[in-house]
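Chains, contacts and geometry: an overview
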Amino acid sequence: MAKSFRKKKTSGNQRRNTGSQKKASQSNGLSSAQWQLIIGVFFLVVSLVLVVSFISYLFTGEADQDLVQRNFQSAIDPDHKKAENALGVVGAFISHYFIFKWFGLAAFGLIPLIFLSAFRLIFQQDLFSLNLNRLAKGTIFYVFFISLFLGYFVYHFDMGDGRISGGVGYQLNDMLNHVLGWGSILLIALILFLWLVFFHGLTRIDNYFLDRWAKKSDTEEEEPEIYQEKKLEPVEEEDSELIAEKPFEGGISFMVDKKKEEPEKPEEPAIEVVRNQPERNDEEEVKLEVSKETTSFLFEEEESDKDLEEFGPYDPKLDLGSYQYPPLDLLQNHQGRNADVSDEELEANKRNIVETMRNFSIGISSIKATIGPTVTLYEIVPEAGVRISKIKNLEDDIALNLAALGIRIIAPMPGKGTIGIEVPNKHPELVSVKSVFSNSKFQHTKYELPIVLGKTIANEMFVSDLAKMPHLLMAGATGQGKSVGINVLLASLLFKKHPAEVKFVLVDPKKVELSLFNKIERHFLATLPNAEDAIITDTKKVIYTLNSLCIEMDNRYDLLKDAGVRNIREYNTKFTKRKLNPENGHRYLPYIVLVIDELADLMMTAGKEVEQPIARLAQLARAIGIHLIVATQRPSVNVITGLIKANFPARLSFKVTAKVDSRTILDTGGAEQLVGNGDMLLSMGSDMVRLQCPFIDTPEVDSVCDFIGEQRGYESAYPLPEYYGDDEPDPLEVDMSDLDALFDDAARLLVTFQQGSTSLIQRKMKLGYNRAGRIIDQLEAAGIVGPFEGSKAREVLIKDMEHLEEILRNLKNGH
């Protein structure tokens with residue numbers, strides 16, 4: 001059998017041994033952060049060696065010519081002449097090869113690139129917020145190009161020696177001269193022009209006539225990005241092997257359809273893409289037509305384009321520009337048993353199904369089997385005149401004849417003229433999470449929040465977009481794979497999204513299931529201000545967090561209203577194009593995913609206090625990027641109430657204990673017939689899909705979180721709005737005798753700018769959110785700024801510095 005999804009209990013000795021082994025491994029090996037530091041210091045030394053040897057070569061290169069003509073071994077012989085280079089023989093050889101043999105004076109351009117790479121590895125950030133990847137491409141090009149350009153003058157006009165252009169530039173010009181003669185300078189100029197166009201985005205030349213021509217062609221814009229991303233993909237036909245066997249029982253043919261895995265097959269039907277794409281294209285054409293006819297629109301667009309040319313689009317990832325996504329090497333290749341269904345097993349199951357149907361006077365014209373990782377789907381075509389209800393009633397009889405657990409009958413199959421009988425395999429396959437994450441369908445997905453749900457019966461990858469679901473309700477008995485499924489969903493987002501793009505709010509009443517994600521608090525987690533733990537376990541804190549998310553939802557809707565957009569994607573697009581002013585409270589909005597691991601415990605202890613905010617978030621929060629994943633062991637009607645259930649169109653069920661539980665979560669039976677260990681049913685609207693959940697072990701989750709946690713993160717977790725319950729003190733009840741040390745400076749700052757914004761205090765005074773929030777509360781209590789007004793900045797009640805200084809003196813004197 002495949003490995004169980006249940007966690008094995010370990011004795012105290014085993015746990016102690018595991019801990020000692022882990023410490024030993026940490027002491028014997030180096031972490032990735034230590035390796036990065038070592039490599040960074042090495043690159044730093046290399047950059048210093050290059051700069052000293054190169055500069056020295058400019059003055060001592062000729063004197064060391066006879067030395068570098070020998071091989072290195074003879075050159076270091078103490079009996080030979082001493083090198084004049086400041087770094088001795090090593091410096092002479094290095095500078096000779098880089099400057100004389102290779103790139104000439106252009107070799108100096110490699111030194112800043114090596115130094116900046118060392119700075120990133122040592123300090124985990126880019127110096128001067130440079131884009132190091134783009135700088136590397138530009139440096140490599142210009143080193144070769146400058147060598148080629150200078151080589152033209154050295155070759156044709158004998159201007160300088162080989163140290164000017166290097167051997168690369170001279171040899172390339174020798175080859176070009178043979179092909180083009182003096183005209184090679186035209187090819188060199190063309191290379192530079194193409195580079196400026198494609199790399200630097202050159203669109204016009206500062207010339208009067210060309211300027212007029214460029215204005216005329218301004219309306220011929222490039223194809224919109226949204227159109228480029230939604231190109232039609234070909235729909236591949238199913239790749240199957242049909243094995244026709246001998247007729248059985250009066251001409252009944254039996255075919256086995258072993259479908260091969262199709263990682264490249266698109267998930268969504270092609271007809272939807274074809275229908276939606278022309279609509280977006282028409283909208284884009286209308287927008288362009290309006291901007292050409294309306295003078296005010298033209299002025300606004302020109303101003304916006306001017307800002308883009310000056311500053312460029314805003315990139316929210318630059319705060320953690322050196323962040324590295326987790327590699328697949330952190331995951332394990334679980335050596336589980338493959339779903340190898342033998343011909344004998346197929347033949348036996350076929351015979352039992354046919355005999356059972358024949359015993360109840362039901363004729364079958366053909367059978368086809370599709371082998372999946374956990375179950376095999378037998379599709380039968382009954383003879384004319386057979387009632388479907390009669391076949392449905394034979395579920396228990398077929399299970400008895402097959403001696404199998406979890407027979408499920410699908411009558412009829414959606415979109416097919418067949419009836420499906422799902423029979424568990426004797427040796428189910430263990431689907432490793434590494435195998436699904438490495439699949440190209442997941443690697444190249446364009447979804448906003450891609451999550452891997454598992455493999456279908458046809459061995460196809462099932463990847464969905466949580467942003468479109470938009471919430472997911474999960475249920476399953478204890479030990480059937482529910483917690484593993486949550487870990488797979490979270491790992492899917494960790495492997496595909498940057499910390500600036502998504503935040504998690506993790507609620508774990510059991511206190512142990514989600515504790516591993518504590519390590520990524522400063523990267524991916526969102527918490528209340530002054531929260532002690534990033535993972536929320538206390539019921540009271542859960543209530544505060546849910547109500548805080550409701551406040552965040554209302555604040556985001558205010559931002560969308562002010563921006564004139566309808567959803568978070570349009571808002572962030574507008575913000576990144578610098579069309580929204582951060583001084584007015586606008587900011588980049590990351591997606592927020594709320595994960596509740598056990599809803600039943602919360603409903604039992606808090607009831608309506610939990611149900612109402614969850615229902616409100618489920619009803620309204622999808623447009624502003626807050627999505628819910630709610631799981632429970634007991635899907636009863638007092639846990640999954642009608643108010644909650646109505647707002648969760650996507651529901652996922654592992655094996656449950658009773659048919660009534662299956663009807664509660666899925667509105668139909670079938671979940672009680674699952675075989676466990678990650679076998680599940682997904683209901684999305686009218687569709688029902690049987691999936692095998694991938695398996696991710698606890699050490700794998702630990703490795704991924706360690707990899708992320710060791711990198712540089714934000715100063716703190718993403719702050720949620722403060723929420724005060726009935727028993728909490730009024731936020732205005734501030735002890736004015738214990739003011740913050742920076743209270744006076746913050747007051748002068750807000751009066752100077754006449755803007756009561758917490759973010760202004762954070763930016764100008766370089767403070768964390770919590771401290772800036774306490775200062776703004778003290779300023780409100782002192783009467784310097786007004787009350788909280790949602791997404792808008794607070795009103796500054798003091799208009800001049802003289803009045804402010806008088807208030808500050810009174811506060812110091814205790815008045």
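Here the focus is the overall build of the chain. Across its full length, the chain carries 31 helices and 17 strands. Looking at the chain as a whole, 45% of its 815 residues are labelled buried. Considering only contacts within the chain whose residues lie at least 6 apart along the sequence, 69% involve residues at least 24 apart. When the accessible surface of the chain is split by element, carbon and sulfur atoms take 54% of a total near 42700 Å².

Once that is clear, we can look at the environment of L674. Counting through the fold element by element, L674 comes out in the loop between α26 (659-666) and β15 (679-684). A relative accessible area of 0% means that L674 is categorised as buried. The contacts of L674, once residues within four sequence positions are left out, are S653, F654, K655, D679, M680, L681 and R690.

Time to look at the sheet that holds strand β13 (residues 626-632). Read across the sheet, nine strands follow the order β8-β7-β16-β15-β14-β9-β13-β12-β10 without closing on themselves; strand pairing throughout is mixed. Edge positions in the sheet fall to β8 (461-465) and β10 (502-507), since each of these pairs with one other strand and no more. Shown here is a sheet whose adjacent strand axes are inclined to one another by a mean of 25 degrees, direction ignored. In this structure, strand β14 (residues 650-653) lies alongside β15, joined through four bridges in antiparallel fashion.

With the rule as written, the count across this model stands at 26 aromatic pairs. The interplanar angle of 55 degrees and the centroid separation of 5.1 Å between the aromatic rings of F437 and F495 together place this pair among those described as tilted. Of this pair, F437 sits in helix α17 (residues 433-437) while F495 sits in helix α19 (residues 482-496), placing them 58 residues apart in sequence. A relative accessible area of 9% means that F495 is categorised as buried. For the pair F504 and F524, a centre-to-centre distance of 6.0 Å together with 20 degrees between the ring planes defines the contact as stacked.

Burial within strand β6 (residues 419-424) is extensive, with six of its six residues counted as buried. Side chains of β6 alternate between two faces, with I419, I421 and V423 and G420, E422 and P424 buried alike. Bridging between strand β4 (residues 375-382) and β6 involves six bridges; their strand directions are antiparallel. In the strand pairing of β6, T376 is matched with V423. Across three bridges, the pairing between strand β5 (residues 408-410) and β6 is antiparallel. Bridge pairing links R408 to E422 in β6.

Before going further, it helps to spend a moment on the pairing of strand β12 (residues 591-596). Of all the six residues making up β12, six are buried; the element is thus mostly covered by neighbouring parts of the structure. Neither face of β12 is left uncovered, since the one carrying Y591, V593 and V595 and the one carrying I592, L594 and I596 both have all their residues buried. As paired elements, β10 and β12 share six bridges and run parallel to each other. Bridge pairing in β12 places K503 opposite I592. Note that β12 and β13 share five bridges and pair parallel.

Moving on to a nonpolar patch on the surface. The grouping of V179, L180, L187, L190, I191, F193, L194, F198 and L202 at the surface amounts to a nonpolar patch, some 810 Å² of accessible area in total. Going through the elements one at a time, α8 (162-180) and α9 (184-198) are the ones with two or more residues in the nonpolar patch. Top element by residues in the nonpolar patch is α9. It accounts for six residues.

All right, on to the pattern of salt bridges then. This structure, assessed with the given rule, holds 24 salt bridges. Residue R408 is joined to E422 by a salt bridge in which the shortest nitrogen-to-oxygen separation is 2.9 Å. Taken together, the residues span a long stretch of sequence, with R408 in strand β5 and E422 in strand β6 at a distance of 14 residues. By relative accessible area, E422 is classed as buried at 2%. Notably, a salt bridge pairs K510 with D597, separated by 3.6 Å at the nearest N-O pair. Placement of K510 in the loop between β10 and α20 (521-524) and of D597 in the loop between β12 and α23 (599-605) is noted, with a sequence separation of 87 residues between them.

This part is about the packing of helix α28 (residues 743-753) against helix α30 (residues 769-781). A packed helix pair is summarised by two numbers, namely the angle formed by the two axes and the spacing between the axes. In contact at an axis separation of 10 Å, α28 and α30 are set at 75 degrees when each is read in the N-to-C sense. Taken together, the axes of α28 and α30 lie roughly perpendicular to each other. Within the contact between the two elements, α28 uses F743, A746, A747 and L750 and α30 uses I775, I776, Q778 and L779. When the residues that make up the contact of α28 with α30 are grouped by side-chain class, the tally is seven nonpolar, one polar and no charged.

Right, let's talk about the nonpolar core for a bit. One finds F504 and F517 to be the most contacted residues of the largest nonpolar core, which totals 115 residues. For this core, the element with the highest residue contribution is helix α21 (residues 539-563), accounting for 10 residues. Contacts of F517, omitting those with residues within four sequence positions, involve N487, L490, L494, L506, L525, I535, V701 and C705.

Our next topic: the confidence of the model for the chain. Counting all residues, the mean pLDDT for the chain is 78, and 80% of those residues have values of 70 or more. By mean pLDDT, helix α12 (residues 270-293) is the weakest element of the chain at 33, and β12 is the strongest at 96. Note on residues 206-309: pLDDT under 50 across the span, and 114 contacts to partners over four residues away in sequence or across chains. Confidence drops under pLDDT 50 across residues 726-731; counting only partners more than four residues distant or on other chains, this segment forms seven contacts.

Let us now look at the packing of helix α14 (residues 343-359) against helix α16 (residues 395-402). Direction vectors running N to C along α14 and α16 enclose 140 degrees, while the axes themselves pass 9 Å from each other. In terms of axis orientation, α14 runs oblique to α16. Remark: the crossing between α14 and α16 carries right-handed chirality. Of the residues in α16, those in contact with N349, N352, I353, T356 and M357 of α14 are D397, I398, N401 and L402. Per-class residue counts for the contact of α14 with α16 are four nonpolar, four polar and one charged.

Cut-offs applied
- Residues numbered from 1 in each chain as written.
- Predicted model: local features only at pLDDT ≥ 70, side-chain atom pairs only at ≥ 80, totals over all residues.
- Heavy atoms only, no water.
- Helix = DSSP H or I, 4+ residues; strand = E, 2+ residues; numbered from the N terminus.
- Buried < 20%, exposed > 50% of the residue type's maximum accessible area, 1.4 Å probe, protein only.
- Contact = heavy atoms within 4.5 Å.
- Areas by Shrake-Rupley, 256 points an atom, 1.4 Å probe, with all protein chains shown as cover.
- Pairing = 2+ DSSP bridges.
- Axes fitted to C-alpha atoms, helices over the stretch in contact; angles between N-to-C directions.
- Phe/Tyr/Trp six-rings, centres within 6.5 Å; stacked < 30°, edge-to-face > 60°.
- Patch = residues over 30% accessible without salt bridge, like charges linked within 9 Å, V, L, I, M, F, W, Y side chains within 5 Å.
- Salt bridge = Lys/Arg side-chain N within 4 Å of Asp/Glu carboxyl O.
- Parallel < 35°, antiparallel > 145°, perpendicular 65-115°, else oblique.
- Nonpolar A, V, L, I, M, F, W, Y, C, P; charged D, E, K, R; others polar.
- Core = buried A, V, L, I, M, F, W, Y, C linked by side-chain atoms within 4.5 Å.
- pLDDT = per-residue confidence, 0-100.
- Left-handed = near helix turned anticlockwise from the far one by under 90°.

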